[in-house]
Amino acid sequence: MERILDKGRLGAWVAALADWTVLAPAMQDGLWAYRPVAGGEASLTLGHPNTVQPPKGQSFPQREVFFTFDETPDGQPRLTPLVPRPGPRLVFGVRPCDGQGLTHLDQVFGEEAPDAYYQARRGTLAYVGLACNSPPSRHCFCTSVGGSPFGEAGLDVLMIDLSDRYLVRALTPVGETLMTAGQGVLTEAGADDRAEAQQRRLAALAHPQRAVAAPQAVPERLKAGFGSALWERLAQPCIGCGICTFLCPTCHCFDINDEVASQSPVCGSRVRTWDSCQFPDFTMHTSGHNPRADLGARLRQRVSHKFLYYFENHGVFQCTGCGRCIIACPVGIDIIAVVNQVAAEAAAMPPADS
Amino acid sequence: MAEDPKTPYEPRIVAFLCKWCSSAGSDLAGVSRIQYPANATPITVPCSGSVSPQYILTAFRKGADGVLVSGCHLGDCHYLEGNYLARRKLFLVKELLEFIGLEPERFRMSWVSAAEGAKFAQVITDFVADLRPLGPQDKLQGQRP
Amino acid sequence: MIDPEELRTRARDLLEGGQVRAVIGYRRGSRGWAAEPVVITRPEEAQDLVWDPSCVHNLALYLVQDRRRRGALRESTDRPIGILAKGCDARAIVVLMQENYVQRDEVYIIGLSCESSGMLDERKLAGAAEGIDPQALEAVDFEGDAFVLSSQHQQWRLPAAGVMAERCLECRNPCPKVHDTLLGKEPREQERRGTASAPTMSDPFAELQRFEQTADSAAARWDFWSRQFDRCIRCFACRSVCPMCYCEECMVDSISFTVTPDTTAQEKANRLRWIERSASRSDNIGYHLTRALHLAGRCIDCGECERVCPVRIPLRLLNTKMERESRERFGYEPGASVEVAALLASFRDDDPNDFIR
């Protein structure tokens with residue numbers, strides 16, 4: 001299903017989606033972030049390059065309470081499970097790289113061991129994507145990692161900017177429902193609209209982007225470069241913060257803690273929070289030994305997880321090329337440069353004895 | 001907070017009392033049978049200078065409506081200068097709490113000697129009276145599970 | 001302004017002569033115009049060093065990392081490490097020496113005077129000039145009281161004061177007081193102030209004053225700060241980038257709790273955790289206030305915490321608030337001298353007392 005939406009009528013479409021809580025990128029305190037929007041806002045536009053944080057937190061929030069625990073009056077332990085039951089939520093303006101990121105989260109929390117909390121949130125979420133006519137940032141590199149500026153993965157609807165209007169394309173049955181609900185606002189798309197959208201797509205694909213060199217060879221080369229001294233050198237300026245992982249659309253490592261509110265009587269909650277492989281205690285053993293004691297090993301882990309281990313497990317890169325970790329890194333650590341340098345060094349090495 | 005005026009809000013106070021003076025002062029108030037509100041939970045510490053800002057923040061975060069730190073009068077510190085150091089450090093705590101918008105009445109310091117049972121009772125009485133109209137402190141308090 | 005060539009020569013000479021074992025400086029990164037920190041050990045690497053308005057980082061952090069690394073490897077050394085230090089970086093080094101974390105003879109300080117300029121605030125660039133795209137820039141340079149920004153096809157000359165970091169506008173010591181060698185000059189007061197029509201310097205604590213004027217009640221301040229703290233994602237970039245945050249164990253982590261075969265489940269469950277991992281308002285406040293208090297009398301206002309914050313929490317306000325109180329009430333200036341006792345390890349008879357009952 002393809003329709004046309006007049007740019008000024010985005011608010012009207014949102015108003016027609018009364019069953020949904022709608023989130024869209026809005027600028028507040030100098031930041032683009034997904035915030036609830038009310039229907040009918042005439043001023044509603046999608047003017048963002050990309051949001052500071054991806055929409056990851058909608059299905060995988062930074063803090064998730066699994067259950068609470070306390071003591072009954074007769075001293076017995078009691079657990080109260082808290083599986084979330086959110087109403088339908090719709091996220092507008094998701095860039096294709098972030099849509100791609102959602103498919104990775106779906107893999108991790110849905111395939112081998114479905115995560116009840118993630119599933120409960122994900123089941124009532126829908127995403128309306130916005131294709132990138134030109135890269136929103138100079139550090140975009142989606143085309144190097146299997147993505148596309150017009151990618152449709154993970155999205156229910158894709159909107160394509162045609163200057164004064166959007167071409168709106170349903171990608172899933174949920175997407176069709178959303179567009180049917182907007183019947184009064186969305187109009188029939190003509191052949192010329194489709195032709196224009198196709199032109200935009202080709203132009204976007206032709207737009208130069210920064211690039212990971214020879215991506216198909218990267219996993220193998222990273223494997224060969226595991227022991228490289230480059231890791232430590234490239235991590236030299238690293239300060240060990242969690243920006244790169246917390247802004248990443250695909251990083252999904254977490255920690256589980258019991259937050260004890262009171263010791264007597266005992267009460268508290270078991271909580272899952274995001275964790276980061278860049279933190280000093282991420283791999284800290286109870287013995288005090290830390291197998292990834294230095295920043296080089298942690299950088300290697302972050303990069304290898306995305307370009308090697310995840311590839312080995314799922315056949316795709318875990319990185320979607322959004323460029324957030326490059327833009328926000330306080331000291332300029334650049335995942336493209338890191339991958340390229342380590343891979344190039346490994347490629348130049350003589351092959352191991354076979 | 002819509003409180004019934006007939007049953008005023010009973011604030012919860014965490015009082016860090018130095019072992020040598022203020023804690024003894026509170027004992028004296030007790031043995032002298034001075035009547036004062038029972039809103040304060042005393043925590044005896046070795047010295048007012050040993051009170052880390054972390055204790056104060058944690059008390060507020062665990063739901064205290066007011067926090068009191070009380071030590072020996074200047075010059076009387078068992079460790080000679082602990083209360084001088086406390087005064088400087090906790091002045092900054094007070095300023096910072098006010099800076100982020102916590103009501104200034106919620107954090108208090110006093111010097112109460114072992115002989116000042118009546119003063120201790122007065123300090124608590126005044127504190128409770130000042131905290132009552134503010135109602136519960138819900139700014140720094142964490143979520144209850 | 002300092003000629004970067006002069007800087008490279010100095011670093012090369014020091015490395016060649018073996019006076020230092022490495023030099024901590026800035027070089028051009030792979031992501032455009034912004035400089036990035038680097039530690040060079042070979043004389044030929046000195047040619048990579050740069051000095052321009054994007055050299056924002058406080059390099060004293062890498063002294064801390066160097067000490068940690070050497071500690072972990074049990075590596076001893078008889079030679080100092082060289083470090084480029086702006087006025088603010090040098091103040092940070094002074095605090096590290098004052099606290100005996102770094103010894104004077106372990107560092108060779110190459111002082112860099114910002115003279116009457118300062119560092120660029122990337123966030124002020126957007127909209128600073130017609131057609132400027134911060135991402136498309138390829139270089140930024142000093143030119144008197146201006147910054148020259150170049151993209152592939154265009155050049156802009158902007159008055160520095162308009163796009164300079166607030167902390168630089170408020171800086172009172174742009175020239176390092178403690179150093180082994182100094183590049184650039186101590187600016188004259190007049191040079192720093194600029195002219196009445198084009199001032200290049202703000203009053204100390206100007207940003208703090210502006211905040212206090214807009215949020216002039218407890219309710220307004222709480223309104224503001226609760227919104228800021230709610231945004232925190234606890235990435236700890238503010239802590240990680242801070243040279244004063246060198247504690248082996250931060251109160252938000254719990255890494256030194258060693259479990260032995262005798263440790264009971266009870267002990268594990270009840271280990272001391274002041275602040276939980278949850279990015280909840282209460283825990284975030286606990287974290288940021290503890291940090292602000294731990295930095296009182298130690299923060300030298302390099303502004304790095306605020307610069308790196310991905311969600312733009314105005315952390316400088318907390319730190320400059322503590323700094324101003326320390327200055328006005330206790331006459332204390334952080335990073336001014338190695339010899340004076342630390343703010344919270346000293347007192348005066350006339351410290352404020354009227355708040356105590």
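As the structure is a prediction and not an experimental result, all values here were calculated from the model.

## Digging into the environment of glutamate 64 of chain A
Position of glutamate 64 of chain A relative to the elements: it lies in strand 4 (residues 63-71). In the structure, glutamate 64 of chain A is positioned 33 residues away from cysteine 97 of chain A in sequence and 25 Å away in space, judged by C-alpha atoms.

## Some points on the state of the cysteines
Inspection of every chain in the model, using the stated rule, returns 1 disulfide over all chains. With a sulfur-sulfur separation of 2.4 Å, cysteine 21 of chain B is cross-linked through a disulfide to cysteine 72 of chain B. Disulfide cysteine 21 of chain B-cysteine 72 of chain B: the torsion about the S-S bond is 100°, which places it as right-handed. In this pair, cysteine 21 of chain B is assigned in the loop between strand 1 (13-18) and helix 1 (22-31) and cysteine 72 of chain B in the loop between strand 3 (66-71) and helix 3 (82-99), connecting sequence segments 51 residues apart. With respect to burial, cysteine 21 of chain B and cysteine 72 of chain B carry one shared label: buried. Here cysteine 329 of chain A is not cross-linked by a disulfide; its sulfur's nearest cysteine counterpart is in cysteine 241 of chain A, at 6.6 Å.

## Focus on the sheet that holds strand 9 (residues 165-170) of chain A
Residue and element names in this part refer to chain A. Strand order in this open sheet of 8 strands is 3-2-6-7-8-9-1-10, and the pairing throughout is mixed. Where the open sheet ends on each side, the last strands, each with one partner, are strand 3 (31-36) and strand 10 (187-188). Taken together, the 5 bridges between strand 1 (residues 2-6) and strand 9 define a ladder with antiparallel strand orientation. Bridge pairing links arginine 3 to valine 168 in strand 9. Strands strand 1, strand 6 (89-94), strand 7 (125-130), strand 8 (157-162) and strand 9 of the sheet are contacted by helix 5 (residues 173-181), whose axis makes an angle of about 135° with strand 9.

## Considering the interface of chain A and chain C
With 47 residues of chain A at the contact, the number on the chain C side is 42 residues. Note on chain A versus chain C: buried area summed over both sides is about 3,600 Å², and carbon and sulfur give 49% of it. With a shortest N-O distance of 2.7 Å, arginine 231 of chain C and aspartate 29 of chain A are connected by a salt bridge. At the junction of chain A with chain C, the criterion picks out 16 residue pairs in polar contact (both at pLDDT 80 or more). Of all the secondary-structure elements, those providing two or more residues to the side of chain A that touches chain C are helix 9 (243-246), strand 11 (254-263), strand 12 (266-274) and helix 11 (324-328) of chain A. Of the residues that constitute the side of chain A that touches chain C, the class distribution is 22 nonpolar, 15 polar and 10 charged.

## With respect to the domain arrangement of chain C
Interface size, as often reported, equals the accessible area lost upon joining of the parts. Residues and elements named next belong to chain C. For chain C, the domain assignment lists domain 1 (1-123 + 166-202) and domain 2 (203-357). Using C-alpha coordinates to define each centre, domain 1 is positioned 25 Å away from domain 2. Across the boundary between the two partners, domain 1 contributes 25 residues, which contact 38 residues of domain 2. With both sides pooled, the region where domain 1 packs onto domain 2 buries about 2,700 Å², and carbon together with sulfur makes up 49% of that total. Taken as a group, Gln98, Arg123 and Arg172 account for 25% of the area that domain 1 buries against domain 2, more than any other trio of residues on that side. In this assembly, domain 1 and domain 2 are joined by 5 salt bridges. The tally of links from domain 1 across to domain 2 stands at 17 residue pairs in polar contact (both at pLDDT 80 or more).

## Some points on the domain arrangement of chain A
All names here are of chain A. Each assigned domain of chain A is listed here: domain 1 (2-53 + 84-206) and domain 2 (215-252 + 281-348). On a C-alpha basis, the centroid separation for the pair domain 1 and domain 2 is 29 Å. Counting residues at the interface gives 21 residues for domain 1 and 22 residues for domain 2. For the pair domain 1 and domain 2, the summed buried area comes to about 1,800 Å², and 64% of that belongs to carbon and sulfur atoms. Inspection of the region where domain 1 meets domain 2 yields 1 salt bridge. When grouped by side-chain class, the residues that make up the side of domain 1 that touches domain 2 number 9 nonpolar, 10 polar and 2 charged.

## As for helix 3 (residues 87-98) of chain C
All names here are of chain C. For helix 3, spanning 12 residues, the distance from its first C-alpha to its last is 16 Å, which sits close to the expected 16 Å at 1.5 Å a residue. For helix 3, the tally of buried residues reaches 12 of 12 residues, placing the bulk of the element in the interior. Taken as a whole, helix 3 has its buried residues at Gly87, Cys88, Asp89, Ala90, Arg91, Ala92, Ile93, Val94, Val95, Leu96, Met97 and Gln98. Buried positions along helix 3 lie against strand 1 (23-28), helix 2 (60-73), strand 3 (81-85), strand 4 (107-112) and helix 5 (166-169).

## Here we look at the side chain of glutamate 103 of chain B
All names here are of chain B. Assignment of secondary structure puts glutamate 103 in the loop between helix 3 and strand 4 (107-111). At a separation of 3.0 Å, a polar atom in the side chain of glutamate 103 contacts the side chain of arginine 106. A distance of 3.3 Å separates polar atoms of two side chains, one belonging to glutamate 103 and the other to lysine 139. When neighbours within four sequence positions are excluded, glutamate 103 is seen to be in contact with Leu134 and Lys139.

## Digging into helix 10 (residues 295-314) of chain A
All names here are of chain A. Here helix 10 contains 20 residues, and its C-alpha end-to-end distance of 27 Å stays within 8% of the 28 Å for a straight helix at 1.5 Å per residue. Burial within helix 10 is extensive, with 14 of its 20 residues counted as buried. Near the N-terminus of helix 10, the side chain that reaches the backbone nitrogen of glycine 296, with its oxygen 3.1 Å away, is that of aspartate 294. Immediately beyond the C-terminal end of helix 10, within one or two residues, lies glycine 315, with a positive phi of roughly 80°.

## Focus: the side chain of arginine 300 of chain A
Residues and elements named next belong to chain A. Among the secondary structure elements, arginine 300 is positioned in helix 10. Despite its burial, arginine 300 pairs with no opposite charge; the closest candidate is aspartate 294, at 6.9 Å N-O. Aside from chain neighbours lying at most four places away, what touches arginine 300 is Phe226, Trp231 and His305.

## Digging into the sheet that holds strand 7 (residues 155-159) of chain C
Residues and elements named next belong to chain C. In space, the 3 strands of this open sheet follow the order 5-6-7, with antiparallel pairing throughout. The open sheet has two free edges, formed respectively by strand 5 (137-143) and strand 7, since each of these has just one partner strand. Recorded for the sheet is a direction-independent mean angle of 20° between the axes of neighbouring strands. With 5 bridges connecting them, strand 6 (residues 146-151) and strand 7 associate as antiparallel partners. Its bridge partner being in strand 7, valine 148 is matched across the sheet by arginine 157.

## Quick notes on the pattern of salt bridges
Residues and elements named next belong to chain C. All told, the structure shown has 65 salt bridges over all chains when counted by the stated rule. Arginine 42 is paired through a salt bridge with glutamate 44; the nearest N and O atoms lie 3.2 Å apart. Here arginine 42 falls in the partly exposed class, since its relative accessible area comes to 45%. Note on glutamate 44: relative accessible area 45%, which makes it partly exposed.

## Let's talk about the packing of aromatic side chains
Applying the stated rule across the entire model yields 29 aromatic pairs over all chains. When the centroid spacing of 5.9 Å and the interplanar angle of 25° are considered together, the rings of tyrosine 55 of chain B and tryptophan 274 of chain C count as stacked. With tyrosine 55 of chain B in helix 2 (residues 53-61) and tryptophan 274 of chain C in the loop between helix 10 (265-269) and helix 11 (281-295), the pair connects residues from two separate chains. Given a relative accessible area of 26%, tryptophan 274 of chain C falls into the partly exposed group.

What counts and how
Each chain carries its own residue numbering, running from 1 in the written order of its sequence. Lettering of chains starts at A and numbering of ligands starts at 1, both following the order in which they are written. Where totals are concerned, whole chains, interfaces and linings use all residues; where local detail is concerned, this predicted model gives features only for residues with pLDDT of at least 70, and gives and counts side-chain atom pairs only at 80 or more. Heavy atoms throughout the structure, all of them, feed into the side-chain values; hydrogens and water do not. Secondary structure elements follow DSSP: runs of H or I no shorter than four residues count as helices, runs of E no shorter than two count as strands, and numbering proceeds from the N terminus. Only a pair of cysteine sulfur atoms within 2.5 Å counts as a disulfide in this structure description. Think of it in three bands: with a 1.4 Å probe and only protein chains considered, a residue is buried below 20% of the maximum accessible area for its type, exposed above 50%, and partly exposed in between. Strands are treated as partners if at least two bridges between them are detected by DSSP. Any pair of residues with heavy atoms lying within 4.5 Å of one another is described as a contacting pair. The angle between two axes is taken between their N-to-C directions and runs from 0 to 180 degrees, where each axis is a line fitted to C-alpha atoms and a helix contributes only its stretch in contact. Note on terms: buried area is the combined drop in 1.4 Å-probe accessible area of two parts once they are placed together, counting the loss on both. Between Lys or Arg on one side and Asp or Glu on the other, a salt bridge is scored when a side-chain nitrogen of the former is within 4 Å of a carboxyl oxygen of the latter. Contacts described as polar in this section are N or O atom pairs within 3.5 Å, which, within protein, must combine one atom able to donate a hydrogen with one able to accept it, while residues neighboring in sequence count only if both atoms come from side chains. Ten residues, namely Ala, Val, Leu, Ile, Met, Phe, Trp, Tyr, Cys and Pro, are considered nonpolar, four, namely Asp, Glu, Lys and Arg, are considered charged, and the remaining ones, Gly among them, are considered polar. The domain limits used here are those given by an automatic or database domain assignment. In this analysis, the expected span of each helix is defined as 1.5 Å times one less than the number of residues it contains. Residues counted as positive are Lys and Arg, residues counted as negative are Asp and Glu, and His and the chain ends are not counted. Ring geometry is summarised as follows: Phe, Tyr and Trp rings, the Trp one being its six-membered ring, pair when their centres sit within 6.5 Å, and such pairs are stacked at plane angles under 30 degrees, edge-to-face over 60 and tilted between the two.

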